[in-house]
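Residues per chain, in single letters:
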Amino acid sequence: MTKMAPFAKMNGLGNDIIVADMRGRADTVTPAAAIALAADPATHFDQIMAIYDPRTNGTDNYIAILNSDGSMAQACGNGTRCVVQALNADTGRARFTFETIAGILNAEQHADGLISVDMGTPHFEWEAIPLAEEFRDTRMIELQVGPIDAPVLHSPSVASMGNPHAIFWVDKDVWAYELDKFGPLLENHPIFPERANITIARVTAPDAMIIRTWERGAGLTGACGSAACAAAVSAARTRRTGRSVAVTVPAGGELHIEWRDDDHVVMTGPAEWEFSGTFDPTTGAWQRDLEGAA
Ligand SMILES: N[C@@H](CCC[C@H](N)C(=O)O)C(=O)O
């Protein structure tokens, strides 16, 4: 039988996260374990952030990100904040350098408890997102849902924050759209060979917007940090906002996104611990820690 690994159920502004402590182990969290944990209402999550020993000198940990369908993701901003809070509680340290499949990222917990993650640089080239074919003007991407002569959603901005995002700009309330219906169609559209995270965004001020996201591999979420970053840089790029915005997420609350002059995108927001337990990284069998146990 596999040795049980500690985990913490956490959330980043309503983005359901499991932080799995795989440090000092040779095994990995399997897609089957992820699917089993996601299927249980008590441990349902959007992403598992699996913390491993470092693979590269100069980094603190290697982080693998699994969606609730068992697929791997390149980025998870809200989950990274949860990892920082969990490691801060464990080590007392406030600054960390992580490696993911998408590269190296730095993160820091501030004295007020908020956590900033440098999400790296955005990419807008069609190969980087990736799209299935070249579009010289991404506004011309033939992607829409609804009647052909009166599409409900159309002409998205597309961006990569390490992971693929499409942002549909709307003028109405973001809750007026059937994202549960359109999300899966758009996520799996042939234009996205690696699928995509789908966001509806409404700019409410030069420094504010509200978004809803259908996450690749996870579905409707309370928040998606990399989508907030992708929406913020896409809004600034198309002159809808400036480079510093507050992004309101579906579960309520705000992420602050700063697109710095050095092209890095820094996301700042909270993380919240819910409960702890142990799990089998091969099967997903789990048990909750007894509250107050020594
Ligand atoms: N919730 C995350 C993003 C999750 C990854 C996504 N589902 C993917 O497959 O790209 C965030 O906070 O960034």
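The structure we're discussing is the one just above.
All residue numbers here refer to positions counted from 1 along the written sequence of the relevant chain. At least 70 in pLDDT is required for a residue's local features to be given in this predicted model, at least 80 for side-chain atom pairs to be given and counted, and no such filter applies to totals for whole chains, interfaces and linings, which use all residues. Each side-chain value is derived from all of the structure's non-hydrogen atoms; neither hydrogens nor water enter the calculation.

Q: Can you explain the packing of aromatic side chains? Please cite residues and give values.
A: Two rings from Phe, Tyr or Trp (for Trp, the six-membered ring) form a pair when their centres sit within 6.5 Å of each other. Planes less than 30 degrees apart are called stacked, planes more than 60 degrees apart edge-to-face, and all others tilted. What the rule picks out here adds up to six aromatic pairs. Aromatic pair Phe7 and Phe279: ring centres 5.9 Å apart, planes at 85 degrees, arrangement edge-to-face. Taken together, the residues Phe7 in strand 1 (residues 5-12) and Phe279 in strand 19 (residues 272-279) connect sequence positions 272 residues apart. You'll find Phe7 and Phe279 in the same group, each marked buried. Both rings, one in Phe275 and one in Trp286, keep their centres 6.1 Å apart while their planes meet at 35 degrees; by these two values the pair is tilted. Note that Phe275 is positioned in strand 19 and Trp286 in strand 20 (residues 286-288), a separation of 11 residues in sequence. Each residue gets one of three labels from its accessible area relative to the maximum for its type: buried under 20%, exposed over 50%, partly exposed in between, using a 1.4 Å probe on protein chains only. Given the relative accessible area of 6%, Phe275 is considered buried. Its end group placed over the ring of Trp259, Arg243 keeps NZ or CZ at 4.1 Å from the ring centre. Working definition: helices are DSSP H or I runs of at least four residues, strands are E runs of at least two. Numbering for both runs from the N terminus. In our convention, an over-ring charge means Lys NZ or Arg CZ found within 6 Å of a ring centre and within 35 degrees of that ring's normal.

Q: How would you sum up the site of the ligand? Please name residues and give values.
A: By convention in this text, a residue qualifies as near a molecule or strand provided that one of its non-hydrogen atoms is within 4 Å of it. Close to the ligand lie 15 residues; Asn15, Glu215, Arg216, Gly225 and Ser226 are nearest. By the criterion applied in these results, polar contacts are pairs of N or O atoms within 3.5 Å in which, for protein atoms, one can donate a hydrogen and the other can accept it, and in which residues neighboring in sequence qualify only through two side-chain atoms. Between the ligand and Asn163 there is a distance of 2.9 Å, counted from an oxygen atom to a side-chain nitrogen or oxygen. Within the side chain of Glu215, an N or O atom sits 2.5 Å from a nitrogen atom of the ligand. A pocket, in this scheme, is an open set of points on a 1 Å grid over the protein atoms alone with protein on both sides within 12 Å along at least 5 of 7 lines, while a cavity is a set where a 1.4 Å probe fits but cannot get out; residues line either one if an atom lies within 4 Å of a point. Should more than half of a molecule's atoms lie within 2 Å of a pocket's or cavity's grid points, that molecule is taken to sit in it. Put simply, the ligand lies in the largest cavity. At the level of elements, helix 2 (77-91) and helix 4 (225-237) are the ones that each hand at least two residues to the shell around the ligand. Each residue receives one of three labels: charged for Asp, Glu, Lys and Arg, nonpolar for Ala, Val, Leu, Ile, Met, Phe, Trp, Tyr, Cys and Pro, and polar for the others, Gly being one of them. Across the shell around the ligand, the residue classes tally to four nonpolar, nine polar and two charged.

Q: Describe unusual backbone geometry, naming the residues involved and giving the relevant values.
A: Here Ile129 and Pro130 are connected by a cis peptide whose omega angle stands at -10 degrees. When you line up the elements, Pro130 lands in the loop between strand 8 (115-118) and strand 9 (144-145). Positive phi outside glycine occurs at Ser155, with the angle close to 50 degrees. With respect to the helices, strands and loops of the structure, Ser155 is situated in the loop between strand 10 (153-154) and strand 11 (157-160). Although it is not a glycine, Asp263 adopts a positive phi angle of roughly 80 degrees.

Q: Give a detailed account of the layout of surface pockets, specifying residues and quantitative values.
A: Each pocket or cavity is described by its volume, and for the largest pocket that value is around 270 Å³. Every element with two or more residues in the lining of the largest pocket is listed here: strand 1, strand 2 (15-21), helix 2 and strand 19. In terms of residue count, the dominant contributor to the lining of the largest pocket is helix 2 (five residues). Looking at the lining of the largest pocket residue by residue, the classes come out as 10 nonpolar, three polar and four charged. Grid points are joined across faces, edges and corners, and a volume is the space filled by probe spheres set on the points. Roughly 230 Å³ of internal volume is contained in the second largest pocket. Around the second largest pocket, the lining comprises 18 residues; the ones closest to its centre are Ala102, Met119, Gly120, Met161 and Gly162. At the level of elements, helix 2 and strand 7 (103-109) are the ones that each hand at least two residues to the lining of the second largest pocket. Among the elements that line the lining of the second largest pocket, the one with the most residues is strand 7, at three residues.

In short, shape yes, function no, at least from these values alone.
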